[in-house]
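# Breakdown of the fold
Each chain, letter by letter, is given below.
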Amino acid sequence: MSEPETARKVFIHTFGCQMNVYDSAKIRAQLARDGWVATDCADDADLVLLNTCSIRDKAEQKMHSALGEYRRRKRRGAPLTLGIAGCVAQQEGVALLDRYPEVDLVFGPDGVPGVQKLVDAARSGQRVLDTTFLDLENYPFVEAVDPDAAGRVGAFVTIQKGCDNKCTFCIVPTTRGVEVSRPSGQILDEVRTLVACGIQEITLIGQNVNSYGLKVPGERTFAELLRAVAEIPGVARIRYTTSHPRDMGPDVVAAYRDLPNLTSHLHLPVQSGSDRVLKRMKRFYTRDHYLRLVDDLRAARPDLALTTDFIVGFPGEEDEDFEQTLSLLSEAGIVGSFSFKYSPRPGTPALKLVDRDPVPDDVASARLSALQARQRALQLAWNRTHEGRVVDVLVEGPSAHDEGVVCGRTSSNLMVNFVGDEALVGQTLPIRVTRSFTHSVRGEQV
Ligand code: 5AD
Ligand code: SF4
């Protein structure tokens, strides 16, 4: 069906994590119910929303610079409604309206379920601010199935919002509020609907999935939820993110032994290899606990590929703490990691440590480079262990770089490119790995 010429168009500029990517998809789905059409081109949009991230200062600065372009367009007289959503909106609130006269609308992550009303109010000429957190009782998880799911192989499903932890560096509890678990019945219904659309790989997302359901009497635990999802016919692969090492119990470890469709990849952010630093971060586990947990996981699933997050330059981090982080990388057999320089965030408990014990920026930068170099070497080495072997690849789509090449992943999240037709998308094929690079391997059909 062709769209009417007059359809109102929305462009969403998304920053940050998968949670935001998914929130943007939900915003598009909500607005579509009111006749809005999503566009990939900001220039012909009637509504531009920036869905923002405040996890580190860099992410926040990216949004301010992107905003400049949209503000200029508006000042030139474009009939544009301009909104800021997401974590920076939640954190800065009215300050954004005060600072940017061109901005019509500011709302936080909890504004997503009611976005249509907020947009209508902004279009009627009001300047709209909504940073209230919704009631925890009957929290309105947006029912819409991931609107981008059709024609794809994998989809996200929200299982939880917010976070009750208080890691001292982290702004998430401020911007996304307390943890609420989505009722498991709703989650399982959404998974069934997705599978009926052809989705094979389900990624359950939440800020701290291991504490799923614990606050709700009678609710499934995370391990029970994994089992229930695994039993749904058609679910070929289950992934999830993010886990906290303290909360990962033996029942989830056992799931790696029992559930073949739970993938052989786990992202388990450790943040630091030093107990002293972990304590200051209020992570509530030790290096030793992490290593034992990894041993248990490997006993349950020998081919488990482990990835993690690191923060370097956290206040008070000494050379020997950083050495502990470097050595953890190999000791835990980590095959991939995201690493960041500590970025002080407004209102977080670590700010008082920054005043007392800052790590000079050049020291933090040098540590980051050293960690990333070590990580790249380990990742390449792991990728090389696949050379000559045949691996099962779920084909996801055409390669972004090479014509006539498709890409997919193994259960262990190894990215594999091989010559093939787009008609292979959705199939799981045996592929012989022929060459390795740092972030992917090349292979051929067997
Ligand atoms: N500075 C640097 N990195 C951070 N992260 C979270 N907060 C900060 C911060 N203030 C990193 C953590 C987390 C990932 C999503 O972002 O490593 O796991
Ligand atoms: Fe932030 Fe810690 Fe919660 Fe993760 S577990 S979102 S790092 S407070």
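Whatever comes next refers back to the structure up there.
Here we summarise the structure given alongside this text. Bear in mind that the values here come from a model prediction, so they are computed numbers and not experimental data.

## A few points about the overall build of the chain
Within the chain one finds 14 helices and 19 strands. Taking 22 Å as the expected radius of gyration for a compact globule of 446 residues, we find that the chain reaches 23 Å, a close match to that expectation. Along the first, second and third principal axes, the C-alpha atoms of the chain reach 60 × 60 × 50 Å. Within the span of the chain, comprising 446 residues, buried residues form 55% of the whole. Partitioning the contacts of the chain with sequence separation of at least 6, the portion at a separation of at least 24 is 71%. Of the charged side chains in the chain, 53 are positive and 59 negative, and the gap between their average positions amounts to 2 Å.

## Here we look at the sheet that holds strand β14 (residues 334–341)
Pairing is parallel across the open sheet formed by three strands, whose spatial order is β12-β13-β14. Across the chains shown, the open sheet's two edge strands, defined by having one partner strand only, are β12 (265–267) and β14. Across the sheet, the mean angle separating the axes of adjacent strands is 15° when strand polarity is ignored. Strand direction decides the pairing type here: strand β13 (residues 305–312) and β14, joined by seven bridges, are parallel. When the sheet's bridge partners are listed, I311 is paired in β14 with F340. Lying on the sheet, helix α14 (residues 361–384) is in contact with β13 and β14; it crosses β14 at an angle near 165°.

## Details of the sheet that holds strand β17 (residues 415–419)
Strands sit in the order β15-β16-β17-β19-β18 around a closed barrel of five strands; the barrel is mixed. Across the sheet, the axes of successive neighbouring strands diverge by a mean angle of 55°, strand direction being ignored. Where strand β15 (residues 390–398) meets strand β16 (residues 405–409), four bridges bridge the pair, whose relative direction is antiparallel. Note on β16: the bridge partner recorded for L394 is R409.

## Description of helix α2 (residues 57–75)
Compared with the 27 Å implied by 1.5 Å per residue over 19 residues, the 27 Å span of α2 between its first and last C-alpha is a close match. Along α2, the positions that sit buried rather than exposed are A59, E60, M63, H64, A66, L67, G68, Y70, R71, R73 and K74. Residues of α2 that are buried sit in contact with β1 (9–14), β3 (47–52), β4 (81–85), α3 (86–92) and α4 (94–99). Downstream of α2 by one or two residues, G77 has phi in the positive range, about 100°.

## Some words on the site of ligand 2
Ligand 2 sits among C163, N165, C167, F169, C170, V172, P173, Q207, H244 and R283. For the shell around ligand 2, a count of residues per class yields six nonpolar, three polar and one charged.

## Some remarks on the site of ligand 1
Taken together, I55, R56, F169, Q271, D309, I311, F340, K341, Y342, S343 and R345 are the residues near ligand 1. In the environment of ligand 1, a nitrogen atom lies 3.0 Å from a nitrogen or oxygen atom belonging to the backbone of F169. At a separation of 2.7 Å, an oxygen atom of ligand 1 approaches a polar side-chain atom of Q271. A total of 400 Å² of accessible area belongs to ligand 1 in isolation, and the protein chains cover 86% of it. Going through the elements one at a time, β13 and β14 are the ones with two or more residues in the shell around ligand 1.

## Some points on the pairing of β1
Across two bridges, β1 lies against strand β2 (residues 37–38) in parallel orientation. Bridge assignment links K9 to a residue of β2, and that residue is V37. Running through helix α1 (residues 18–32), the crossover from β1 to the neighbouring parallel element β2 is right-handed. With five bridges connecting them, β1 and β3 associate as parallel partners. Paired with T14 across the bridge in β3 is N51.

## What about the pairing of β16?
With five of five residues buried, β16 lies mostly within the body of the structure. Alternating positions in β16 separate into two faces, V405, C407 and R409 on one and V406 and G408 on the other, with burial throughout. From the end of β15 to the start of β16, which pair antiparallel, there are six residues, and G404 there has a positive phi angle of about 75°. Across five bridges, the pairing between β16 and β17 is antiparallel. Residue pairing for β17: C407 is matched across the bridge by N417. Here β16 folds back onto β17, and the loop between the two strands holds five residues, one of which, N413, carries a positive phi near 75°.

Each value, and the rule that gives it
Residues numbered from 1 in each chain as written. Chains lettered and ligands numbered in written order. Predicted model: local features only at pLDDT ≥ 70, side-chain atom pairs only at ≥ 80, totals over all residues. Heavy atoms only, no water. Helix = DSSP H or I, 4+ residues; strand = E, 2+ residues; numbered from the N terminus. Rg over C-alpha atoms; globule rule 2.2 N^0.38 Å. Buried < 20%, exposed > 50% of the residue type's maximum accessible area, 1.4 Å probe, protein only. Contact = heavy atoms within 4.5 Å. Lys, Arg positive; Asp, Glu negative; His and termini not counted. Charge placed at Lys NZ, Arg CZ, Asp CG, Glu CD. Pairing = 2+ DSSP bridges. Axes fitted to C-alpha atoms, helices over the stretch in contact; angles between N-to-C directions. Expected span 1.5 Å × (residues − 1). Near = heavy atom within 4 Å. Nonpolar A, V, L, I, M, F, W, Y, C, P; charged D, E, K, R; others polar. Polar contact = N/O pair within 3.5 Å; in protein donor to acceptor, adjacent residues only side chain to side chain. Areas by Shrake-Rupley, 256 points an atom, 1.4 Å probe, with all protein chains shown as cover. Right-handed = clockwise from strand over helix to strand, strands pointing away.

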